[in-house]
Amino acid sequence: MTTEEKPIVRNSGLTDIDLTGHDQIEVLGAREHNLKNIDVTIPRNKLVVVTGISGSGKSSLAFDTIYAEGQRRYMESFSAYARSFIGDMERPDVDKINGLSPVISIEQKTTSKNPRSTVGTTTEIYDFLRLIYARAGEAFSYLTGRKMERQSQDQIIDMILGQYAGQKLTLLAPIIRSRKGHYRELFVQIAKTGYTKVRVDGVVQDIAPKMQLDRYKIHDIEIVIDRLVPKSEDRYRLSQSIQTALKQGKGAMQMLDGEGKLVYFSQNLMDPESGISYDEPSPNSFSFNSPYGACPVCNGLGVVEEITEESVIPDKSLSISRGAIAPLGEYRELWIFKEIEAILKKYKLNLTTPVVKFPDDLFRALMYGTDEDAADGRDAGSLVPQPAKKNSTEDYSFKFEGIVNFLKRQQENSTDKIQEWLKDFMVVKTCPECEGARLKKESLYFKIDQKNISELARMDISELVVWFENLENRLSDRQNIIAKEILKEIRKRIGFLLDIGLDYLTLDRPLRTLSGGEAQRIRLATQIGTQLVGVLYIMDEPSIGLHQRDNVKLIDSLKNLRDLGNTVLVVEHDKDMMLESDYILDIGPGAGRHGGQVVNRGTPEEFLKNQYAGPAGSSTTADYLSGRRSIAVPAERRKGNGKFLIVKNATGHNLKNVTLKLPLGKMVTITGVSGSGKSSLIHETLFPVLNRHFFRSKREPLPFKTVDGLEHLDKVIEVDQSPIGRTPRSNPATYTGMFSEIRTLFAELPEAKIRGYKPGRFSFNVKGGRCEDCEGAGMKKIEMEFLPDVHIMCETCKGKRFNRETLEVRFKGKSIADILDMTVEQALDFFASQPKILRKVTTMNDVGLGYITLGQHATTLSGGEAQRVKLAEELSKKDTGKTLYILDEPTTGLHFQDIAHLLDVLNKLADKGNTVLIIEHNLDVIKVSDHVIDLGPEGGNKGGYIIAEGTPEKVAEVKGSYTGKFLKMELAG
């Protein structure tokens, strides 16, 4: 297009081309990772989807090439001095990129694991709430419930002259409130200031030489400032005395009236009835991340870790000698067992007596020590006799500390290793002080329209919207003046969360409990709020974890970003997203070494016809989008084994007394809109119940009544979305356990036995067999002063990670380094005679990972690849036909073709009689399952019910089910 042909301005005020004069982004010669020196053209100011088979090179193009270059150019705009502190970015392997805008990346991997990071703090809504409560909140007393008052000096004078005229008054300045100490130096200091009397613990007395109090008792001390009978002509004296009292009392003062009754005054917020006062509120007073606002017991976390009786003695039917006390284990010759034995003798019991037969006071003494009173009033604190030591003529006695107290002491003063061991005996409980609100009690008694800040943070976004409607009508004129701009900002941000389908979240929801897709959409809402123009946004599968119903909202949000004048580049597999985009780019044709080329491109209409297909061949994506290929619905659903696993009356989080009836021997999907309670029911109720039953896990499930049918299963395996490793030293071979088998195989070789090599010799993580020059990394980092760090291949081992002696041991002509460089496909033939290794390799190939190498760094795996490595690791374990597999959205990052591979593996498991339970939104998986359990009808408080269950055809006919509505369309083609 020539300059003359370009339209200048649209009626909407947006230009068809960027103000820079570029109408497209040109990427020339991209070779990062598996990209095959490709040239790509991406239109600007459009919604562009990059798609392709998992591992084909989508992320390499979008993030490792385009985003990396944009970020590097931004960093280069800083001075060399600044870059020496903040570091430099490496130049991606690309010849040239033209037309590149400032780049913002919104990825899934950046989800914070910090328990202090919440939805409210991330979106900044909570920060604005803190501001409005600090400036316009009304304070109430936590003792009497009365509204707190501020009094100026003039108001105090007028009140005393008006209400207490003619009475003999004593003006006091409080300086010590409810604290221990002898205060000898304080009395000396008060006397030096010129005061002669103080009121100590309610008694007025003269300050005597060497005066001091009992240092172990709690005291209240006030200075006697003046004693007078107030008259109007004495106003000046009264004024001076009150000014001095307020100064000494730091804004507070007290007065004894004619009847000796104490009256409170304060320039700060104060309850005139009880005398308690609050500090002047600031935004930090409402922050659980600040010492000024955080609950002192839980430090603003809302939960505390406790060592409980149940975690110390989980099974009371056992005796102490057989390991009833979990931290101690079975009987050994230890001093603590001798002490316990001495306590038991006192009750005529021994170490072989089951704990369930212990009397209550003995059990309490065992748990909390022999220095507390027993439950029935007897003194458990009497000294426990202990037999005489060798060479001693008399018995001695001791006080037993108690198992719980002993563990608590270890927790406070111990090494990291012991701290880790203690975690097995700790239970996370809601903080008893703040009841999960995270804030100190004073902060919770500041209210706006009868609500404190914690009550607002616990509301769903949809409820919050309703509360903020017409709030101005419920505020005073002063509050409205203060809150006007703050309310505007809060409503704007809440509106963005509604627009992207997150109305079921609460502001106090920790960010670490969100799925990758939810966290990414929160950051997307924040970016929409910035209203930037001319930016290139790159996103990584924002539709993950999103129900089809809410997809429309997400797509509209991305279009709004585009319409502002931005380019939106989305790495995505979602069918709706592709069809609604302006341009699609398909990378392939295969994965890994078989990918890295452009196989198709164009507008959705052009793309479906393969109009611009590249030399790599036909586009698989276009075939699935157009319906030329599809995942077929099975002709017949499995009948199952007729048995059920039933969890009754689950009430955790938003679940409404749900009873889950899970048919066994089938492939079952759990569906429902985002926030409907799927994870609460499966991950936080069902899985912990099974894990505790089969593996004695300490994790507590959410509340439920009973569980039936456990005898029909023999184990449970969960595959969640957590990454397989965060360092280059983690790889598919080490994660699946295959590398241990390979090292054992090498150690059994004749050459290794002659040399005395053990399996550890073949590890690149420990000294001995690894190359010590690069410490088994294969690369060496050269630090540059004003330039990015340079990674060069280790000259000693040439990138092989091992020393020469280790590499001389070979199996079928291959060294241990050669095997790590093999692809999974190559390893299938190579390890055909090694059943233990072959089982793991075969499973990895079955889930579609045949193209990755066994030693590929975990940090270079895509999200979909990492999850399939986890899946392969679990599936490679021997199944018994009575195993329950729980999978959390296994289609994350998977192309249509990959989903077909995955379903083949899952169907094989179900065909053997196992139960496969999948939490899923993907309709291709839902339509081929045998049984669907749909939760809803909405998210958050409006969800938590099972609204439909049965075969996909049956669920499709349920009127109130959003899943059913979309499933009906999918089944109809």
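### Focus on the overall build of the protein chain
Across its full length, the protein chain carries 34 helices and 34 strands. Referenced to the eigenvectors of the C-alpha coordinate spread, the extents of the protein chain come out at roughly 105 × 95 × 65 Å. Across the 973 residues in the protein chain, those meeting the buried criterion constitute 51%. Partitioning the contacts of the protein chain with sequence separation of at least 6, the portion at a separation of at least 24 is 67%. When the accessible area of the protein chain is evaluated, it comes to approximately 45800 Å², of which 49% is carbon and sulfur surface. Across the protein chain, 132 positive and 133 negative side-chain charges occur, with their mean positions spaced 3 Å apart.

### Concerning the side chain of T170
Positionally, T170 belongs in strand β7 (residues 169–180). For T170, a relative accessible area of 11% puts it in the buried group. Leaving out residues up to four positions away in the same chain, T170 has contacts with V224, D226, R227, Q254, M255 and L256.

### Here we look at the sheet that holds strand β23 (residues 597–602)
Across the sheet, which stays open at both edges, the six strands sit in the order β5-β20-β21-β3-β22-β23 with mixed pairing between neighbours. For this open sheet the edge positions go to β5 (103–106) and β23, each flanked by a neighbour on one side alone. Across the sheet, the axes of successive neighbouring strands diverge by a mean angle of 20°, strand direction being ignored. Pairing analysis gives five bridges linking strand β3 (residues 47–52) to strand β22 (residues 583–588), with the strands arranged parallel. Looking at the pairing, G52 lines up with I587 of β22. On top of the sheet, helix α1 (residues 58–76) reaches β3, β5, β20 (536–540), β21 (567–571) and β22; it is set at about 145° to β20, its chief contact.

### A word on the sheet that holds strand β25 (residues 658–663)
Overall, antiparallel pairing links the three strands, which are arranged β25-β24-β27 in an open sheet. This sheet does not close on itself; its edge strands, each paired only once, are β25 and β27 (706–708). Each adjacent strand pair in this sheet contributes to an overall mean axis angle of 10°, direction not counted. Note: strand β24 (residues 644–650) against β27, three bridges, orientation antiparallel.

### Considering the packing of aromatic side chains
The full count for this structure, using the stated rule, is 18 aromatic pairs. Arranged with centres 5.4 Å apart and planes meeting at 90°, the rings of F286 and F446 form a pair that is edge-to-face. Remark: F446 occurs in strand β19 (residues 446–447) and F286 occurs in the loop between β14 (277–278) and β15 (303–307); sequence separation between them is 160 residues. The class of F446 is buried, set by a relative accessible area of 5%. On the numbers, 6.5 Å between centres and 10° between planes, the contact of F811 with F831 is stacked. Of this pair, F811 sits in the loop between α26 (804–807) and α27 (816–820) while F831 sits in the loop between α28 (824–830) and α29 (835–846), placing them 20 residues apart in sequence. Among the aromatic residues, those joined into a ring-pair cluster are Y133, Y142, Y278, F286, Y445 and F446.

### Things to note about unusual backbone geometry
Negative phi is the rule for most residues except glycine; trans is the rule for most peptide bonds. Cis geometry is found at the peptide bond from G588 to P589, where omega equals 0°. Tracing the backbone through its elements, the reader meets P589 in the loop between β22 and β23. Non-glycine residue Y183 carries a positive phi angle of around 60°. Mapping Y183 onto the fold places it in the loop between β7 and α6 (184–193). For Y183, a relative accessible area of 12% corresponds to the buried category.

### So, the environment of E472
Mapping E472 onto the fold places it in the loop between α15 (461–468) and α16 (477–499). Under the relative-accessibility criterion, E472 is labelled partly exposed at 31%. Contact partners of E472, with chain neighbours within four places excluded, come to N480, L487 and R491.

### Looking at helix α24 (residues 738–747)
Most of α24 is tucked away, with seven of its ten residues classed as buried. When we look at burial in α24, the residues that qualify are M738, F739, I742, R743, L745, F746 and A747. At its buried positions, α24 is contacted by α23 (732–735), α25 (750–755), α27 and α29.

### Some thoughts on the environment of H182
Relative to the elements of secondary structure, H182 occurs in the loop between β7 and α6. When the C-alpha atoms of H182 and K217 are compared, they prove to be 8.7 Å apart, with 35 residues separating the residues in sequence. Look past the residues within four positions of H182 in its chain and what remains in contact with it is F187, Q212, L213 and R215.

### Some thoughts on the confidence of the model for the protein chain
In this model, the protein chain carries an average pLDDT of 87, and 92% of its residues clear a pLDDT of 70 or more. A low-confidence stretch, residues 1–17 stays under pLDDT 50, and its non-local contacts, those more than four residues away or across chains, total 17 contacts.

### So, the side chain of R130
Relative to the helices and strands, R130 resides in helix α4 (residues 125–136). Residues within four places of R130 in sequence aside, it is in contact with P283, N284, F286, S287 and I453.

### Observations regarding the pattern of salt bridges
Under the criterion given, the structure shown has 46 salt bridges. The residue D623 makes a salt bridge to R628 at a minimum N-O spacing of 2.9 Å.

### Overview of a nonpolar patch on the surface
A contiguous nonpolar patch, built from Y81, F85 and I86 and spanning about 400 Å² of accessible area, is present on the exposed surface. When you line up the elements, I86 lands in helix α2 (residues 80–86). Under the relative-accessibility criterion, I86 is labelled partly exposed at 47%.

### Structural notes on the nonpolar core
By size, the foremost hydrophobic cluster in this structure holds 136 residues, and its most contacted members are I132, F468, L524, I742, F746 and F831. Sequence-distant contacts of I132, defined by excluding residues within four places in its chain, comprise G137, I448, A483, I486 and L487. Residues Y164, Y183, L238 and M253 belong to the second largest nonpolar core, which totals 31 residues.

### Section: the packing of α4 against α16
With their axes 10 Å apart at the nearest point, α4 and α16 run at an angle of 165° to one another. One element, α4, and the other, α16, form an angle in the roughly antiparallel class. Judged by the sense of rotation from one axis to the other, the crossing of α4 with α16 is left-handed. Listed contacts from α16 to I125, F128, L129, L131, I132, R135 and A136 of α4 are R478, Q479, I482, A483, I486, L487, E489, I490, R493, I494 and L497. Residues that form the contact of α4 with α16 fall into these classes: 13 nonpolar, one polar and four charged.

Cut-offs used in this document
Residues numbered from 1 in each chain as written. Predicted model: local features only at pLDDT ≥ 70, side-chain atom pairs only at ≥ 80, totals over all residues. Heavy atoms only, no water. Helix = DSSP H or I, 4+ residues; strand = E, 2+ residues; numbered from the N terminus. Buried < 20%, exposed > 50% of the residue type's maximum accessible area, 1.4 Å probe, protein only. Contact = heavy atoms within 4.5 Å. Areas by Shrake-Rupley, 256 points an atom, 1.4 Å probe, with all protein chains shown as cover. Lys, Arg positive; Asp, Glu negative; His and termini not counted. Charge placed at Lys NZ, Arg CZ, Asp CG, Glu CD. Pairing = 2+ DSSP bridges. Axes fitted to C-alpha atoms, helices over the stretch in contact; angles between N-to-C directions. Phe/Tyr/Trp six-rings, centres within 6.5 Å; stacked < 30°, edge-to-face > 60°. pLDDT = per-residue confidence, 0-100. Salt bridge = Lys/Arg side-chain N within 4 Å of Asp/Glu carboxyl O. Patch = residues over 30% accessible without salt bridge, like charges linked within 9 Å, V, L, I, M, F, W, Y side chains within 5 Å. Core = buried A, V, L, I, M, F, W, Y, C linked by side-chain atoms within 4.5 Å. Parallel < 35°, antiparallel > 145°, perpendicular 65-115°, else oblique. Left-handed = near helix turned anticlockwise from the far one by under 90°. Nonpolar A, V, L, I, M, F, W, Y, C, P; charged D, E, K, R; others polar.

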